[in-house]
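# Structural overview for review
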Amino acid sequence: MSLIDRYIAEVGRHLPEKNREDIEAEIRSMLEDMIDENSHQTGKPVNDELIAAALEQLGDPKLLAHKYAPARRYLIGPDWYEAYIETLKRVLATALPVVAILTIFIALAQDPIDFVDALGQAFGRVVDVAIGILFWVTAGFVIVEHSDAKPNELERAKTGAWTVAQLPEMPKKRQISVAEALTNIVFITGFTVWVVLPFVQSQGNESVPFLNPDLWQIWLPVFFVLVVLTLIHEVFKLIVGNWTQALMITNVILCLISITYIVALVTTQEIINPAFLATLSDDVVAELRDSARWARWTVNISAVITIGIYVWDMVNSMIMAKRLNRQEPKNAITAEKML
Amino acid sequence: MENDELVQNMLLELRRGTLSIAVLSQLTKEQYGYSLLKALSDKGLEVEQSTLYPLLRRLESQGLLQSDWRIVDEARPRRYYVISAQGKAVLTKLKREWSLMAETMKQMLT
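The shown structure was predicted, so the numbers you read here are calculated from the model rather than taken from an experiment.

What counts, and where the lines are drawn
- Residues numbered from 1 in each chain as written.
- Chains lettered and ligands numbered in written order.
- Predicted model: local features only at pLDDT ≥ 70, side-chain atom pairs only at ≥ 80, totals over all residues.
- Heavy atoms only, no water.
- Helix = DSSP H or I, 4+ residues; strand = E, 2+ residues; numbered from the N terminus.
- Contact = heavy atoms within 4.5 Å.
- Areas by Shrake-Rupley, 256 points an atom, 1.4 Å probe, with all protein chains shown as cover.
- Pairing = 2+ DSSP bridges.
- Buried area = accessible area lost by both parts, 1.4 Å probe.
- Salt bridge = Lys/Arg side-chain N within 4 Å of Asp/Glu carboxyl O.
- Polar contact = N/O pair within 3.5 Å; in protein donor to acceptor, adjacent residues only side chain to side chain.
- Nonpolar A, V, L, I, M, F, W, Y, C, P; charged D, E, K, R; others polar.
- Buried < 20%, exposed > 50% of the residue type's maximum accessible area, 1.4 Å probe, protein only.
- pLDDT = per-residue confidence, 0-100.
- Expected span 1.5 Å × (residues − 1).
- Phe/Tyr/Trp six-rings, centres within 6.5 Å; stacked < 30°, edge-to-face > 60°.
- Lys NZ or Arg CZ within 6 Å of the ring centre and 35° of its normal.
- Core = buried A, V, L, I, M, F, W, Y, C linked by side-chain atoms within 4.5 Å.
- Patch = residues over 30% accessible without salt bridge, like charges linked within 9 Å, V, L, I, M, F, W, Y side chains within 5 Å.
- Axes fitted to C-alpha atoms, helices over the stretch in contact; angles between N-to-C directions.
- Parallel < 35°, antiparallel > 145°, perpendicular 65-115°, else oblique.
- Left-handed = near helix turned anticlockwise from the far one by under 90°.

## Some words on the overall build of chain A
- On a plain count of helices and strands, chain A comes out with 11 helices and zero strands.
- Order of helices (α) and strands (β) in chain A, N terminus to C terminus: α-α-α-α-α-α-α-α-α-α-α.
- The contacts in chain A between residues at least 6 apart in sequence include a share of 79% that link residues at least 24 apart.
- Summing over all exposed atoms, chain A offers an accessible surface of approximately 20,000 Å²; the carbon and sulfur share of this is 64%.

## Quick word on the sheet that holds strand β3 (residues 78–83) of chain B
Residue and element names in this part refer to chain B.
- If you walk across this open sheet you meet the three strands as β1-β3-β2, and the pairing is antiparallel. Both edges of this open sheet fall to β1 (31–32) and β2 (65–70), since each of them pairs with a single strand only.
- The sheet contact formed by β2 and β3 spans six bridges and is antiparallel. The residue bridging Asp 68 from the neighbouring strand is Tyr 80, located in β3.

## Some remarks on the interface of chain A and chain B
- Across the contact, 24 residues belong to chain A and 20 residues belong to chain B.
- In total, about 2,000 Å² of surface goes out of reach between chain A and chain B, with carbon and sulfur atoms giving 52% of it.
- Along the contact surface separating chain A from chain B lie five salt bridges.
- For A:Asp22, the salt bridge identified is with B:Arg57, shortest N-O distance 2.8 Å.
- Where chain A touches chain B, the interface holds eight residue pairs in polar contact (both at pLDDT 80 or more).
- Of all the secondary-structure elements, those providing two or more residues to the side of chain A that touches chain B are α2 (20–42), α3 (48–58) and α4 (61–68) of chain A.
- Sorting elements by how many residues they give to the side of chain A that touches chain B places α2(A) first, with 13 residues.
- Split into classes, the residues belonging to the side of chain A that touches chain B amount to nine nonpolar, six polar and nine charged.

## Focus: the side chain of A:Thr138
Residue and element names in this part refer to chain A.
- Summarising the element assignment, Thr 138 is placed in helix α6 (residues 115–147).
- What makes Thr 138 buried here is its relative accessible area of 17%.
- Filtering out sequence-adjacent residues up to four positions away, Thr 138 remains in contact with Ile 76, Tyr 84 and Ile 133.

## Notes on the pattern of salt bridges
- Tallied over the entire structure, the rule returns 13 salt bridges over all chains.
- Between A:Asp5 and A:Arg28 there is a salt bridge whose closest N-O contact spans 3.0 Å. In this pair, A:Asp5 sits in helix α1 (residues 2–13) while A:Arg28 sits in helix α2, placing the two residues 23 residues apart along the sequence.
- Judged by its relative accessible area of 29%, A:Arg28 falls in the partly exposed class.
- For A:Arg20, the salt bridge identified is with A:Glu82, shortest N-O distance 3.1 Å. Note that A:Arg20 is positioned in helix α2 and A:Glu82 in helix α5 (residues 78–110), a separation of 62 residues in sequence.
- The exposure class of A:Glu82 is partly exposed, given its relative accessible area of 34%.
- Salt bridges here are not isolated pairs; linked through shared partners, they connect A:Asp22, A:Glu26, B:Arg57, B:Glu60 and B:Arg79.

## Some remarks on the confidence of the model for chain A
Residues and elements named next belong to chain A.
- Residues at a pLDDT of 70 or more form 81% of chain A, whose mean pLDDT is 79.
- Element-level pLDDT for chain A is lowest in helix α10 (residues 274–280), with a mean of 68, against a maximum mean of 92 in helix α9 (residues 245–268).
- Throughout residues 153–158 the model reports pLDDT below 50, and contacts reaching past four residues in sequence, or to other chains, amount to 12 contacts.
- The model gives residues 330–339 a pLDDT under 50, and that stretch makes four contacts with residues more than four places away or in other chains.

## Description of α9(A)
- Between its terminal C-alpha atoms α9(A) stretches 34 Å, which fits the 34 Å expected from 24 residues at 1.5 Å a residue.
- Along α9(A), the residues that are buried comprise A:Leu247, A:Met248, A:Asn251, A:Val252, A:Leu254, A:Cys255, A:Ser258, A:Ile259, A:Tyr261, A:Ile262 and A:Leu265.

## Regarding the packing of aromatic side chains
- Enumeration over the complete set of coordinates arrives at five aromatic pairs over all chains.
- Aromatic pair A:Phe223 and A:Phe224: ring centres 5.4 Å apart, planes at 75°, arrangement edge-to-face.
- Its guanidinium or amino end placed over the ring of B:Tyr80, B:Arg70 lies 5.2 Å from that ring's centre, counting from NZ or CZ.

## What about the nonpolar core?
- Ranked by size, the top nonpolar core spans 47 residues in total, and within it A:Tyr7, A:Leu31, A:Leu55, B:Val23, B:Leu52, B:Tyr53 and B:Leu56 carry the most contacts.
- Beyond its immediate stretch of four places on either side in the chain, B:Val23 contacts B:Leu36, B:Leu40, B:Leu52, B:Leu55, B:Leu56 and B:Leu59.
- Ranked by size, the runner-up nonpolar core spans 16 residues in total, among them A:Trp219, A:Ile262, A:Ile271 and A:Ile272.

## Let's talk about a nonpolar patch on the surface
Residue and element names in this part refer to chain A.
- A surface patch of nonpolar side chains, about 700 Å² in accessible area, is lined by Val 225, Val 228, Leu 229, Ile 232, Val 235, Phe 236, Ile 239 and Val 240.
- Relative to the helices and strands, Val 240 is located in helix α8 (residues 219–240).
- Residue Val 240 is classed as partly exposed on the basis of its relative accessible area of 38%.

## A few points about the packing of α4(A) against helix α3 (residues 49–61) of chain B
- At a closest axis distance of 8 Å, the pairing of α4(A) and α3(B) adopts a crossing angle of 25°. Taken together, the axis directions place α4(A) and α3(B) in an arrangement best described as roughly parallel. The handedness of the crossing between α4(A) and α3(B) comes out as right-handed. Contacts between α4(A) and α3(B) involve A:Leu64, A:Lys67 and A:Tyr68 from the first element and B:Ser50, B:Thr51, B:Tyr53, B:Pro54 and B:Arg57 from the second.
- Along the lines of polarity and charge, the residues of the contact of α4(A) with α3(B) split into four nonpolar, two polar and two charged.

Here's what the structure looks like:
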């Protein structure tokens, strides 16, 4: 029955979620009626050939789905809507708190007393970033949606235009959802472009760079290389969708390198520009020492949190890879049983 | 050759308009999708399944049909459709319109 499953999955993929299950069940019951009837009439047992004939009579699954839910002029239609909303939710939920906390931190570093101003700045940044995310994620999905050809109902006049050979494989259950991988990609890119880069550039003539300029020699280039490698890895996660051995091993290696990098950076380097710290307070020595200590703690805590996230990611990928390994043979057995 | 395609398209449009009336008229007794298809074809109306099934849904969402999943005679569960009160009222009107139209067309074409 796997042909029927694949057909119905393909129809469902193009249906709005609201009554997808019901329509799927109905198509399945109608298909089975038709196949039974054909088998009865021809005296042949139910086999793939008979099933294929029934499916071809019903025609292109995408077209059938669009007859159930006529293609309106969507900005983002049912094919992509769920992935879109999920991605948007995830990106906003991860990016906005980080932006808020970072903005408050930086504002307080420059002026430790004015908490209200820091909150105000954070609010402004959050609104800015939210609008940016909304725009770019939407734009991305609109492009994907509209690069996909929509079937036209009159095409149906050409019978036999669709054959079961065109039926895609059963969509695999993904361990890594499209939204999850996309969120990581958007987040890493956004974080690097909007948060790290402004720090790295010296901010005009009058202000002193926040990061130690010495880092430019090795540490920052290495950081950008790591970002690019991580992004490439995320793209592969998006395409593959499961924690295969290869993906898991590369993930563990990437995480270990990143952890090593962070530990080495924090323990051996002065990350925050001493000249920047010096601008924070007036000439009072005690206060300078205070802000230096404060800055070091901030760096250390961020490092510990980041390392924690890496460790979690590493362990998670190993568990998922193991689970995938165990799952695959089992799937094969059930598929055989169904045939 | 080109005319064939034109004729096909016009027939498609012509059928689409009449199909709703045909379906409503056959559902005074409840039917499931495949049995309705048979009933229509027995009376000489060949309908494509990919047209009929979505149409049933649409008529139901317009309130002209009612449906529910049921198991009859230990067969597999099927969705049974039957005309609703509103559907009956609409069908009566459509029937009258159809007779008038058929009459007009007959006079026009002979």
